[in-house]
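Each chain is listed here by its residues.
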Amino acid sequence: QVQFVESGGGLVQPGGSLRLSCVASGFTFSRYAMSWYRRPPGKERELVAEISSSGFTTPYADSVKGRFTISRDNAKSTVYLQMNSLKPEDMAVYYCNARPQRPVWGQGTQVTVSS
């Protein structure tokens with residue numbers, strides 16, 4: 001059974017940093033590209049970053065370029081999202097999923113950016 005468990009969110013001041021983690025199970029993690037998404041309050045879920053099975057990243061969403069970095073550890077079936085220089089508009093629930101996208105979503109992890 002496919003499962004995604006996100007963690008690492010929290011309350012941070014503008015300009016701060018967080019590192020999100022997502023542990024995946026139920027499929028052969030190392031064979032799949034992975035993605036981070038986010039759902040801001042009152043908005044649709046949007047793609048933030050992607051990383052191939054071997055670690056190559058595709059262009060990030062314009063809104064996070066130069067501030068967010070996606071990485072993965074295939075031995076731990078974990079994908080990470082390092083978020084620096086956080087802004088209030090980054091506030092959202094963050095989710096991970098595989099590509100092709102699976103119909104299962106984790107509970108997400110809440111990121112709140114506020115002074």
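Bear in mind the structure is a predicted one, so any value in this text is a computation, not a measurement.

Novice: With reference to specific residues and values, describe the side chain of Asn97.
Specialist: Along the polypeptide, Asn97 turns up in strand 8 (residues 92-99). Here the side chain of Asn97 touches Arg102 through a polar contact of 2.9 Å, landing on its backbone nitrogen. Side-chain polar atoms of Asn97 contact the backbone oxygen of Val104, separated by 3.2 Å.

Novice: Help me get a handle on the state of the cysteines, residues and values and all.
Specialist: Across all of its chains, the model carries one disulfide by this definition. With a sulfur-sulfur separation of 1.7 Å, Cys22 is cross-linked through a disulfide to Cys96. Linking Cys22 in strand 3 (residues 18-25) with Cys96 in strand 8, this pair joins segments that are 74 residues apart in sequence. Cys96 shares its class with Cys22; the two are buried.

Calculation criteria
- Residues numbered from 1 in each chain as written.
- Predicted model: local features only at pLDDT ≥ 70, side-chain atom pairs only at ≥ 80, totals over all residues.
- Heavy atoms only, no water.
- Helix = DSSP H or I, 4+ residues; strand = E, 2+ residues; numbered from the N terminus.
- Polar contact = N/O pair within 3.5 Å; in protein donor to acceptor, adjacent residues only side chain to side chain.
- Disulfide = S-S within 2.5 Å.
- Buried < 20%, exposed > 50% of the residue type's maximum accessible area, 1.4 Å probe, protein only.

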